[in-house]
Amino acid sequence: MSIIDNIAKRVLRKGTVIEKRKIAGDTYHLMLMSEELKDLPYAPGEQVKVYIGADNDLSFSDKMRTYSIWNYEPDNGVIDLAISTFSNGPGAEWVKNIRECDVVYFGGMKGKRQIDDSADYYILVGDVSSLPHLYELNRHLSANKKVYSFIHSEFHEDFFTDVDGSTPLSFYTMQSADCPVKLMKAIHGIIEREQGRGVAYLEGEAEVCIAIHHYLKKHEQWQSKQIHTKPFWSQGKKGLD
Ligand SMILES: Cc1cc2nc3c(=O)[nH]c(=O)nc-3n(C[C@H](O)[C@H](O)[C@H](O)COP(=O)(O)OP(=O)(O)OC[C@H]3O[C@@H](n4cnc5c(N)ncnc54)[C@H](O)[C@@H]3O)c2cc1C
């Protein structure tokens, strides 16, 4: 075992994979459980940084990947992750190879507030890799808030339901090159008919996030505070954190 593996295993949290299931064409659901995951400070919307480099010869920059916490059960010490494999990168390989009963090492869970509950209505935009995060945000918004969602992918079989089997967000099949224009049109329609203050969460592919971010600022005159943009990956770039 390398020195860095040794240190990582000592300082990071750990959880055992109690369930691994393929839930869509390119996505696995992992459930991690341990005593030390009970009653941690947690704010919905947080991520974990998973040490995928244990016992293999990945380069230092490839040893960690960020994944959104899809659901957390503090009483049982269980967290759910949904990890996609479209990238065919080290993170994708790691999730394909991990098995039930394996131990996973990760950092994160600080309990820092993530959700902006100040809006009258919400616009959630993301691809399949951001679906776990957007499901978790959506479940923790106050019940009186209106939510419009645009989850996009090229193929319908890439989408998956929320942890409880429900489908509260709206799926759209489209090429990512067509996304910005189609989404801008749909978002404009919402903003025109809605009253009150809107807030957007833009996640997933960087190019789409950036295009919609600029559109909201320039054409809809939204303030920066109304737009929460978090690219999860970018064409040709690795391990975007
Ligand atoms: C805050 C945050 C939260 C995240 N949450 C999740 C999550 O819950 N679930 C999840 O699956 N991922 C999530 N990600 C993305 C994740 O961290 C990895 O970047 C992703 O899994 C790819 O890692 P990799 O090592 O397999 O590929 P990399 O080595 O990082 O990338 C290899 C190549 O694949 C491309 N690529 C990366 N992702 C995709 C994609 N989705 N579709 C097509 N091409 C891609 C890259 O552009 C690159 O060219 C999150 C990222 C961030 C920053």
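As a reminder, the structure under discussion sits directly above these lines.
Residues numbered from 1 in each chain as written. Predicted model: local features only at pLDDT ≥ 70, side-chain atom pairs only at ≥ 80, totals over all residues.

Participant: Looking at this structure, I do not really get the site of the ligand. What am I missing?
Facilitator: Around the ligand, a shell composed of 28 residues is seen, among which Phe86, Ser87, Gly89, Gly91 and Trp233 lie nearest. Put simply, the parts of the chain that give the shell around the ligand at least two residues each are β4 (64-68), β6 (78-84), α2 (90-97), α3 (131-140) and β12 (227-233). Residue contributions to the shell around the ligand peak at four residues, all from β4. In terms of residue class, the shell around the ligand is built from 10 nonpolar, 13 polar and five charged. Counting residues domain by domain, the shell around the ligand receives three or more from each of domain 1 (3-108) and domain 2 (121-233). (Near = placed C-beta within 6 Å. Helix = DSSP H or I, 4+ residues; strand = E, 2+ residues; numbered from the N terminus. Nonpolar A, V, L, I, M, F, W, Y, C, P; charged D, E, K, R; others polar. Domains from an automatic or database assignment.)

Participant: Would you explain the sheet that holds strand β1 (residues 13-24) in this entry?
Facilitator: The strands making up a sheet associate through hydrogen bonds between their backbones, and the pairing can be parallel or antiparallel. The strand order β4-β3-β7-β1-β2-β6-β5 describes an open sheet built from seven strands, whose pairing is antiparallel. Looking at which strands have only one partner, the edges of the open sheet turn out to be β4 and β5 (71-73). For this sheet, the mean inter-axis angle between neighbouring strands, taken without regard to orientation, is 35°. Bridge count for strand β3 (residues 47-51) against strand β7 (residues 103-108) is three bridges, and the pairing is antiparallel. Bridge pairing in β7 links Lys49 to Gly107. (Pairing = 2+ DSSP bridges. Axes fitted to C-alpha atoms, helices over the stretch in contact; angles between N-to-C directions.)

Participant: Looking at this structure, how should I read the pairing of β6?
Facilitator: Regular strands show a simple pattern: their side chains alternate between the two faces of the sheet. Among the seven residues of β6, five are classified as buried, and the element is accordingly described as predominantly covered. The pairing of strand β2 (residues 27-33) with β6 spans seven bridges and is antiparallel. Looking at β6, one finds that Met31 is bridged to Asp80. In the sheet, β5 pairs with β6 via three bridges, with the strands oriented antiparallel. Bridge pairing in β6 links Asn71 to Asp80. Hairpin connection between β5 and β6: a loop of four residues separates the two successive antiparallel strands, and Gly77 in this loop has a positive phi of roughly 65°. (Buried ≥ 20, exposed ≤ 12 C-beta atoms within 10 Å, placed from the backbone.)

Participant: Can you help me understand the sheet that holds β12 in this one?
Facilitator: Here five strands make up an open sheet; going across it, the order is β10-β9-β8-β11-β12 and the pairing parallel. Each edge of the open sheet carries a strand with a single partner, namely β10 (171-173) and β12. Put simply, the sheet's adjacent strands are angled 15° from each other on average, direction ignored. Sheet topology note: the strand β11 (residues 198-205)/β12 ladder contains six bridges and is parallel. Paired with Leu202 across the two strands is Thr229, which belongs to β12. Where α3 meets the sheet, its contacts fall on β8 (121-127), β9 (146-153) and β11, and the angle it forms with β8 comes to roughly 165°. (Contact = placed C-beta atoms within 7 Å.)

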